[in-house]
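Each chain is listed here by its residues.
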Amino acid sequence: MGHGSSGAHTAPPTPPVPPAPRGAVRERIGRLAREVLKFGAVGGAGVLVNLLVFNLVRHVTDLAVVRASIIATVVAIVFNYLGFRYFTYRDRDKGRRTREMSLFLLFSVVGLVIENGVLYTATYGFGWDSPLQSNIFKFLGIGIGTLFRFWSYRTWVFRTLPAREPVTRAETFPEHEQPTAVRTTDGTPAAHR
């Protein structure tokens with residue numbers, strides 16, 4: 001047998017997993033950038049819907065500023081859900097729609113409170129309630145709420161599908177069925193010759 005072997009054949013040690021190559025990091029950054037752009041496109045359209053409905057309700061009805069804002073926010077939430085589900089996050093897990101919609105509504109309500117809390121504070125706390133001031137604080141509230149929504153939607157609502165692990169040769173064969181090294185006619189491994 002030679003070379004200090006006991007006769008039992010053991011599989012060669014598996015090499016350590018190398019760190020992620022630069023290309024993988026760039027790919028992750030590229031995916032995040034595309035996600036932010038898509039989120040921004042849907043969110044930007046949602047902001048326009050929100051502001052248009054807000055100003056329409058304010059000018060057509062006698063509702064208070066914050067009530068008009070809540071109506072506009074609800075319309076924008078519905079618009080945004082459709083945009084996020086079918087455009088921004090269309091490749092994400094669709095298996096649990098009830099859970100997804102429940103979480104979306106929960107986080108949207110938190111965003112609604114953040115957004116309209118800013119407007120409420122400006123209007124009733126400081127008396128800034130001219131149409132221009134209302135639009136400025138409505139827009140500011142939307143911006144702060146959007147930061148929260150982006151984090152919560154991508155983290156909890158539109159979850160990524162689990163990544164498929166690449167199958168490696170070591171995982172293909174159980175340890176007791178690992179392919180044996182090529183042997184010469186006298187039974188010694190070819191590498192030891």
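Above this text you will find the structure in question.
Predicted, not measured: the structure shown is a model, and the values here were computed from it. (Residues numbered from 1 in each chain as written. Predicted model: local features only at pLDDT ≥ 70, side-chain atom pairs only at ≥ 80, totals over all residues. Heavy atoms only, no water.)

Q: So what exactly am I meant to see when it comes to the overall build of the protein chain here?
A: When helices and strands are counted, the protein chain shows five helices and zero strands. Mapped in sequence order, the helices and strands of the protein chain form the string α-α-α-α-α. By residue count, 28% of the 193 residues in the protein chain fall in the buried class. For the protein chain, contacts bridging at least 24 residues in sequence account for 71% of all contacts bridging at least 6. (Helix = DSSP H or I, 4+ residues; strand = E, 2+ residues; numbered from the N terminus. Buried < 20%, exposed > 50% of the residue type's maximum accessible area, 1.4 Å probe, protein only. Contact = heavy atoms within 4.5 Å.)

Q: Any chance you could explain the packing of helix α1 (residues 22-60) against helix α4 (residues 131-157) here in plain terms?
A: How two helices sit against one another is set out by the angle between their axes and by the gap between those axes. Between α1 and α4, the shortest axis-to-axis distance is 10 Å and the interhelical angle comes to 145 degrees. The two elements α1 and α4 cross, and the hand of that crossing is right-handed. Two secondary-structure elements touch here, α1 through Leu32, Glu35, Val36, Phe39, Val47, Asn50, Leu51, Phe54, Asn55 and Arg58 and α4 through Pro131, Ser134, Asn135, Lys138, Phe139, Ile142, Thr146, Arg149, Phe150, Tyr153 and Arg154. Grouping the amino acids of the contact of α1 with α4 by side-chain chemistry returns eleven nonpolar, five polar and five charged. (Axes fitted to C-alpha atoms, helices over the stretch in contact; angles between N-to-C directions. Left-handed = near helix turned anticlockwise from the far one by under 90°. Nonpolar A, V, L, I, M, F, W, Y, C, P; charged D, E, K, R; others polar.)

Q: What am I meant to see in the nonpolar core here?
A: Most often, soluble globular proteins keep nonpolar side chains buried together rather than apart. Phe39, Phe84, Tyr89, Phe104, Tyr153, Val157 and Phe158 are the most contacted members of the largest nonpolar core, which has 14 residues in total. Every element with two or more residues in this core is listed here: α1, α2 (65-88), α3 (97-125) and α4. The dominant element in this core, judged by the number of residues it contributes, is α3, at four residues. By size, the runner-up hydrophobic cluster in this structure holds eleven residues, among which are Val66, Ala68, Ala72 and Ala122. (Core = buried A, V, L, I, M, F, W, Y, C linked by side-chain atoms within 4.5 Å.)

Q: Looking at this structure, I do not really get the side chain of asparagine 80. What am I missing?
A: Within the secondary structure layout, asparagine 80 lies in helix α2. We classify asparagine 80 as buried; its relative accessible area is 13%. Excluding residues within four positions of it along the chain, asparagine 80 makes contact with Val42, Gly43, Gly46 and Phe104.

Q: Honestly, the packing of α3 against α4 in this entry has me stumped. Any pointers?
A: With their axes 8 Å apart at the nearest point, α3 and α4 run at an angle of 155 degrees to one another. Considering their axes alone, α3 and α4 lie roughly antiparallel with respect to each other. Like other packed secondary-structure pairs, α3 and α4 cross with a definite hand, here right-handed. A breakdown of the residues in the contact of α3 with α4 according to their chemical character gives 17 nonpolar, seven polar and five charged. (Parallel < 35°, antiparallel > 145°, perpendicular 65-115°, else oblique.)

Q: Looking at this structure, how should I read α3?
A: Since there are 3.6 residues in each turn of an α-helix, residues three or four apart along the chain are aligned in direction. Helix length check: α3 (29 residues) gives 40 Å between terminal C-alpha atoms against 42 Å at 1.5 Å per residue, within 8%. Note on α3: the residue one or two positions beyond its end, glycine 127, has a positive phi of about 75 degrees. (Expected span 1.5 Å × (residues − 1).)

Q: Looking at this model, I keep getting lost on the side chain of glutamate 35. Mind explaining?
A: Looking at the element boundaries, glutamate 35 is found in helix α1. A relative accessible area of 8% places glutamate 35 in the buried class. A distance of 3.0 Å separates polar atoms of two side chains, one belonging to glutamate 35 and the other to tyrosine 89. With residues up to four places along the chain from it excluded, the contact list for glutamate 35 reads Thr88, Tyr89, Arg92, Phe150 and Arg154. (Polar contact = N/O pair within 3.5 Å; in protein donor to acceptor, adjacent residues only side chain to side chain.)

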